[in-house]
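# Summary of structural features
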Amino acid sequence: MEVPANQTYTFRGGLWHKFWGGANWPFGILKISPEVIVLRDTSMNQEYQLSKSDVVKIEMRKYLGLIGCRVKISHNRKDYSDSWNGDSFIFGSLGSSLDRVAAIFRKCGWLQ
């Protein structure tokens, strides 16, 4: 799968980041670029930016069988931490294949 590395990729889905939940689909946004990961909760007008030094681990798995993916991004930003969700964001997207999202994270330098 050919994925250009010098652009920003945007996915729409759900974003869980606080005790009260976060943003259900379609109000969560994940943007991946070589420099930064941006997670946006458009329902609460909140945005979180993570640089490579902020990201501890990225875990991905299939979401609802074959029709989507789930991305868990663990970070070390204490100003983004929450007692319920800890030091992570969880983004889920229907219609975004796990292989494509993983290829984009790799091409942009976030995964080996």
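Further up the page is the structure itself.
Scope of this entry: the structure provided in the associated data block. (Residues numbered from 1 in each chain as written. Predicted model: local features only at pLDDT ≥ 70, side-chain atom pairs only at ≥ 80, totals over all residues. Heavy atoms only, no water.)

Turning our eyes to something else, we now look at the pairing of strand S6 (residues 68–75). Counting buried positions along S6 gives seven out of eight residues, so the element sits mostly inside the fold. Bridging between strand S5 (residues 55–62) and S6 involves seven bridges; their strand directions are antiparallel. Of the residues in S6, the one forming a bridge with Arg61 is Arg70. Judged from the seven bridges that link them, S6 and strand S7 (residues 88–94) form a sheet pairing that is antiparallel. Among the inter-strand pairings, Arg70 is bridged to a residue of S7, identified as Gly92. (Buried < 20%, exposed > 50% of the residue type's maximum accessible area, 1.4 Å probe, protein only. Helix = DSSP H or I, 4+ residues; strand = E, 2+ residues; numbered from the N terminus. Pairing = 2+ DSSP bridges.)

Turning our eyes to something else, we now look at the packing of aromatic side chains. Under the definition given, this model contains three aromatic pairs. Between Tyr48 and Tyr80, the aromatic rings sit 4.9 Å apart at their centres with planes inclined by 85°, giving edge-to-face as the arrangement. Linking Tyr48 in strand S4 (residues 46–51) with Tyr80 in the loop between S6 and S7, this pair joins segments that are 32 residues apart in sequence. Both residues of the pair, Tyr48 and Tyr80, belong to the buried class. Plain terms: the ring middles of Tyr48 and Phe89 are 4.9 Å apart, the flat faces sit at 45° to each other, and that makes the pair tilted. Pair noted here: Tyr48 is in strand S4 and Phe89 is in strand S7, with a separation of 41 residues, a long-range link. Take Tyr48 and Phe89: they sit in the same class, and that class is buried. Grouping aromatic residues by their ring pairs yields a cluster made of Tyr48, Tyr80 and Phe89. Looking at Lys52, its charged tip hangs above the ring of Trp110, at a distance of 5.3 Å from the centre. Arg77 extends its terminal NZ or CZ atom over the ring of Tyr80, reaching a point 4.1 Å from the ring centre. (Phe/Tyr/Trp six-rings, centres within 6.5 Å; stacked < 30°, edge-to-face > 60°. Lys NZ or Arg CZ within 6 Å of the ring centre and 35° of its normal.)

Among all positions in helix H1 (residues 98–107), only Leu98, Val101, Ala102, Ala103, Ile104 and Phe105 are buried. Two residues or fewer past H1, Gly109 is found with a positive phi of approximately 90°.

Enumeration over the complete set of coordinates arrives at four salt bridges. Across the pair Glu47 and Arg40 runs a salt bridge, and its minimum N-O distance is 2.5 Å. Here Lys78 makes a salt bridge to Asp87, at a shortest N to O gap of 3.3 Å. The exposure class assigned to Lys78 is exposed, which follows from its relative accessible area of 62%. (Salt bridge = Lys/Arg side-chain N within 4 Å of Asp/Glu carboxyl O.)

Let us look at the side chain of Asp41. Locating Asp41 in the fold gives a position in strand S3 (residues 36–41). We note that Asp41 is buried and unpaired, the nearest opposite charge coming from Arg40 at a distance of 9.3 Å. Within the local environment of Asp41, its side chain forms a polar contact with the side chain of Ser43, the two groups lying 2.6 Å apart. A distance of 3.1 Å separates a polar atom in the side chain of Asp41 from the backbone nitrogen of Met44. Every residue in contact with Asp41, bar those within four places of it in the chain, is listed here: Leu15, His17, Gly22, Ala23, Phe27 and Gln46. (Lys, Arg positive; Asp, Glu negative; His and termini not counted. Polar contact = N/O pair within 3.5 Å; in protein donor to acceptor, adjacent residues only side chain to side chain. Contact = heavy atoms within 4.5 Å.)

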